[in-house]
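Topology and contacts: notes
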Amino acid sequence: MAAAAEASAQDRGLVLNEQLNLGDVISGQRLNVVNVSDNVAVSNAAMGNALSGGADGRAADIRSTQDMQGAAVADTSLTLRGETGYVNSVTQARGNYLAATAVNTGIDVDAGQNLNGDVTARSQIVETGARLNYGGHVSADAIGNTVALGASGTGEQRGAVTGRTDQNSTGEIYAENEARFTYAPAPAVFSSQASANAVQATSTPNSHQNLSVNQNASGAGVTAWTGVWAGNAWDIAARSRAASNQAAFYNQGGSLVVDVDQQNAAEVLSRTELSSYDFGAAHSTAEAVGNEVHAGNNDIYVSIDNTQMNTGGVTASAGFTGQNGYDAYVGANAAGNAVTGFGCSTCGSDLNVRNSQTNMGDVRATATTNINGWGRNVVAGANAVGNTASFYVTNPGN
């Protein structure tokens, strides 16, 4: 029996990781171009601690501790003069990051992430006379702690993700995306996203998950801000999303068992301001949530044990101002605690849930629309809720 136990232990790989960053990590991108007719592609990233890897055919244990004490800052400034082609700009700032995958085997994760520094992602298009002839996509994302896990299996070989993740964030998380330009005759999307703690696990057929996640956020604030000012935009979207604690689990084949405990004391603010003098279709949306869980399985067994406590204020504000145009869509959604779980109805799904949600913070959602000349359609909505929970079984793909 002893020999068998030793052989079993040797069959598993072992990763021991300990990372401590005490200094600031700063990444800057300055772009000044004139008459770029094809593409403008910009990538800018700042990260404190990072670990990534995977196991293929041989199981592995991952024991990781990441501690970020300094600030992580990614700052992008775009000066686009004359006629510009498609603009693709990605700005990301992260404190701690862990990514692991299992192929035809299993990984067991014990991960601890601690963030005390601030995380800031900022993107700006500063040339007011810019002409974005082919539109583009510009994003700014600031995330304190991130754990991303995946598993897949083929045939009789199965994949599995198991273990525990503990995340703690006391830093300020701030994402900003501002753009000023004259003309965009093609789809143009501007987005900002801010999150203190984020966990995502995805497993494909012949895989299963059994995970425990603890997330705590108590920093000065989690803020996502998007501001776009255009002269003439045919199809434009401005979006912001702020979520203090996020956990998402998706499985395609096998059991899904998750235990989540989320505690948020930070102020959460998502704000979007969009303005276009002439417009075709204009979309302005803002989403804010203190604690958020998604757990879905397109197979038989789902077990969700969810505890959420929010004591921070949550605010979502979306606005649009236009002179003459066609269709304006404005939406603001805010929630203190939110959880969604589902299983597969055609599989005879067994969905088991224990849910406890407590919201003690103020929750506000505001949508503001101003059409000063003429327009065709205005669709606006604002929704604020303290606690929201949705559990159901559904057909795969729905």
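Residues numbered from 1 in each chain as written. Predicted model: local features only at pLDDT ≥ 70, side-chain atom pairs only at ≥ 80, totals over all residues. Heavy atoms only, no water.

Now for the state of the cysteines. For the structure shown, the criterion picks out one disulfide. In this model, Cys 344 is linked to Cys 347 through a disulfide, with the two sulfur atoms separated by 2.3 Å. An S-S torsion of about 75° defines the bridge between Cys 344 and Cys 347 as right-handed. Residue classification places Cys 344 among the buried residues on the basis of a relative accessible area of 0%. (Disulfide = S-S within 2.5 Å. Buried < 20%, exposed > 50% of the residue type's maximum accessible area, 1.4 Å probe, protein only.)

Moving on, we get to unusual backbone geometry. Residues other than glycine seldom take positive phi values, yet Asn 35 does so here, at roughly 55°. By the secondary structure assignment, Asn 35 is in the loop between strand S2 (25-34) and strand S3 (39-56). (Helix = DSSP H or I, 4+ residues; strand = E, 2+ residues; numbered from the N terminus.)

Attention now goes to the pairing of strand S8 (residues 106-115). With nine bridges joining them, strand S4 (residues 60-68) and S8 adopt parallel strand pairing. For Ile 62, the partnering residue across the bridge sits in S8 and is Val 109. The pairing of S8 with strand S12 (residues 159-169) spans 10 bridges and is classified as parallel. By the bridge assignment for S12, Leu 115 is matched with Ser 169. (Pairing = 2+ DSSP bridges.)

Attention now goes to the environment of Ile 107. Its place among the elements puts Ile 107 in strand S8. Expressed as a C-alpha distance, the spacing of Ile 107 and Ala 160, which sit 53 residues apart in the sequence, is 6.3 Å.

The next point concerns the nonpolar core. Formed by 54 residues in total, the largest nonpolar core has its most connected members in Leu 80, Leu 132, Ile 173, Phe 181, Phe 190, Val 228 and Ile 236. Excluding residues that lie within four positions of it along the chain, Ile 173 makes contacts with Leu 115, Val 119, Ala 142, Ile 143, Gly 144, Ala 194, Ser 195, Ala 196, Gly 221, Val 222 and Thr 223. Residues Ala 60, Ala 111, Leu 256 and Val 260 belong to the second largest nonpolar core, which totals 28 residues. (Core = buried A, V, L, I, M, F, W, Y, C linked by side-chain atoms within 4.5 Å. Contact = heavy atoms within 4.5 Å.)

Turning our attention to the packing of aromatic side chains. In total, this model carries six aromatic pairs according to the counting rule given. Relative to Trp 234, the ring of Tyr 183 lies with its centre 6.3 Å away and its plane at 80°, an arrangement referred to as edge-to-face. Separated by 51 residues along the polypeptide, Tyr 183 in strand S13 (residues 173-184) and Trp 234 in strand S16 (residues 222-251) bring together distant segments of the chain. Ring geometry for Phe 279 versus Phe 320: centroids 5.0 Å apart, planes at 80°, classification edge-to-face. Placement of the pair is Phe 279 in strand S18 (residues 268-297) and Phe 320 in strand S20 (residues 314-344), with a sequence separation of 41 residues. On the basis of relative accessibility, which here comes to 5%, the residue Phe 279 falls in the buried class. Directly above the aromatic system of Trp 229 lies the positively charged group of Arg 180, at a separation of 4.2 Å from the ring centroid. (Phe/Tyr/Trp six-rings, centres within 6.5 Å; stacked < 30°, edge-to-face > 60°. Lys NZ or Arg CZ within 6 Å of the ring centre and 35° of its normal.)

Turning next to the pattern of salt bridges. Tallied over the full model, the rule gives 14 salt bridges. With its nearest N and O atoms 3.0 Å apart, the salt bridge here joins Arg 164 to Asp 166. The class for Arg 164 is partly exposed, based on a relative accessible area of 37%. (Salt bridge = Lys/Arg side-chain N within 4 Å of Asp/Glu carboxyl O.)

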